[in-house]
Amino acid sequence: MGKLDGKVALITGAARGQGRSHAVMLAAEGADIIAVDVCAEASAVDYPAATPADLDETVRLVEGLGRRVVARQADVRSSAALAAAVADGVAELGSVDIVVANAGIVSWSRLWEMPDDMWQDMIDINLTGVFNTLKAAVPSMIEQGRGGAVVITSSVAGIKSLPAQAHYSASKHGVVGLMKTAAIELAPFDIRVNAVHPWGVDTAMGGMTGTVERLLADNPSYANSFGQLLNDPPIAQPQDISEAVLYLVGPSGRLVTGISLPVDAGATKV
């Protein structure tokens, strides 16, 4: 028996990285999966976008565990696209019990040099996209009348601000406020809502880029914001974050709601 037998999990940003890892781990614990990803470049960032082939691989891995999966390409900025994905998933899989609002982007710029569209894309995807995801899924969860669990992917930047990250820090602080309100509003329906706060994770989005290297070289004081207490391993694996998500959505976390859970090697303490 898995910890999530009979459950269905909606996961955004599921084509690769943390999202794929969450899909695979929750499927290994018995959950069927609604996997959503835009599978295209949603904004100008300096790492490659996920592709339809990446989403196909997530489907293959979930099905390889004997679980069902409904995969849809959808942009979290579109309420209609998310609602359609949820409706398709519920029609085929029967319910939605777990939401992992994981889709997001990262980019880097000092605030006074930041193009307007860089700011707006970040807020639209990382903050409004989470709102859209919850708005699409929560009505079905309430209607089912059997409770559920939501995990929002924030960041260390949702607890402490980081240089060259005004837009990212604002979006990740913003989803914490959204999480806390949702936890209060959804408690009467036995739906728990929490946030997980990763630090550096070994994914395409989480790696060191030329932009970051130049910013740190040009602004040496910025390095003071990027320390951590634990250095073995020096960077987390996606599975490390998935373990935290599993705790929050599974039976071990049944009394946990409204919290921010850092999985950060102590980065918020530096």
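Scroll up to find the structure this text is about.
A brief look at the structure comes next. (Residues numbered from 1 in each chain as written. Predicted model: local features only at pLDDT ≥ 70, side-chain atom pairs only at ≥ 80, totals over all residues. Heavy atoms only, no water.)

### Thoughts on the packing of helix 3 (residues 79-93) against helix 4 (residues 116-144)
Interhelical geometry of helix 3 versus helix 4 gives an angle of 35 degrees and a closest axis separation of 9 Å. Where helix 3 crosses over helix 4, the two elements pack in a sense that is right-handed. Packed against helix 3, whose contacting residues are Ser79, Leu82, Ala83, Val86 and Val90, the element helix 4 presents Gly129, Asn132, Thr133, Ala136, Ala137 and Ser140 at the interface. Classifying every residue of the contact of helix 3 with helix 4 gives six nonpolar, five polar and no charged. (Axes fitted to C-alpha atoms, helices over the stretch in contact; angles between N-to-C directions. Helix = DSSP H or I, 4+ residues; strand = E, 2+ residues; numbered from the N terminus. Left-handed = near helix turned anticlockwise from the far one by under 90°. Contact = heavy atoms within 4.5 Å. Nonpolar A, V, L, I, M, F, W, Y, C, P; charged D, E, K, R; others polar.)

### With respect to the pattern of salt bridges
With the rule as written, the count across this model stands at eight salt bridges. Between Asp32 and Arg67 there is a salt bridge whose closest N-O contact spans 3.2 Å. With Asp32 in strand 2 (residues 32-37) and Arg67 in the loop between helix 2 (52-64) and strand 3 (69-73), this residue pair connects regions lying 35 residues apart in the sequence. The class for Asp32 is buried, based on a relative accessible area of 5%. Relative accessible area serves as the criterion here: at 26%, Arg67 is assigned to the partly exposed category. (Salt bridge = Lys/Arg side-chain N within 4 Å of Asp/Glu carboxyl O. Buried < 20%, exposed > 50% of the residue type's maximum accessible area, 1.4 Å probe, protein only.)

### Things to note about the packing of helix 1 (residues 17-28) against helix 7 (residues 238-249)
For the pair helix 1 and helix 7, interaxial distance at closest approach is 9 Å and the crossing angle is 50 degrees. The pairing of helix 1 with helix 7 is recorded here as oblique in orientation. At the point where helix 1 passes helix 7, the crossing takes the right-handed sense. Taken together, the residues of helix 7 that come into contact with helix 1 (itself represented by Gly17, Gln18, Ser21, His22, Met25 and Leu26) are Pro238, Gln239, Ile241, Ser242, Glu243, Val245, Leu246 and Val249. In terms of residue class, the contact of helix 1 with helix 7 is made up of seven nonpolar, six polar and one charged. (Parallel < 35°, antiparallel > 145°, perpendicular 65-115°, else oblique.)

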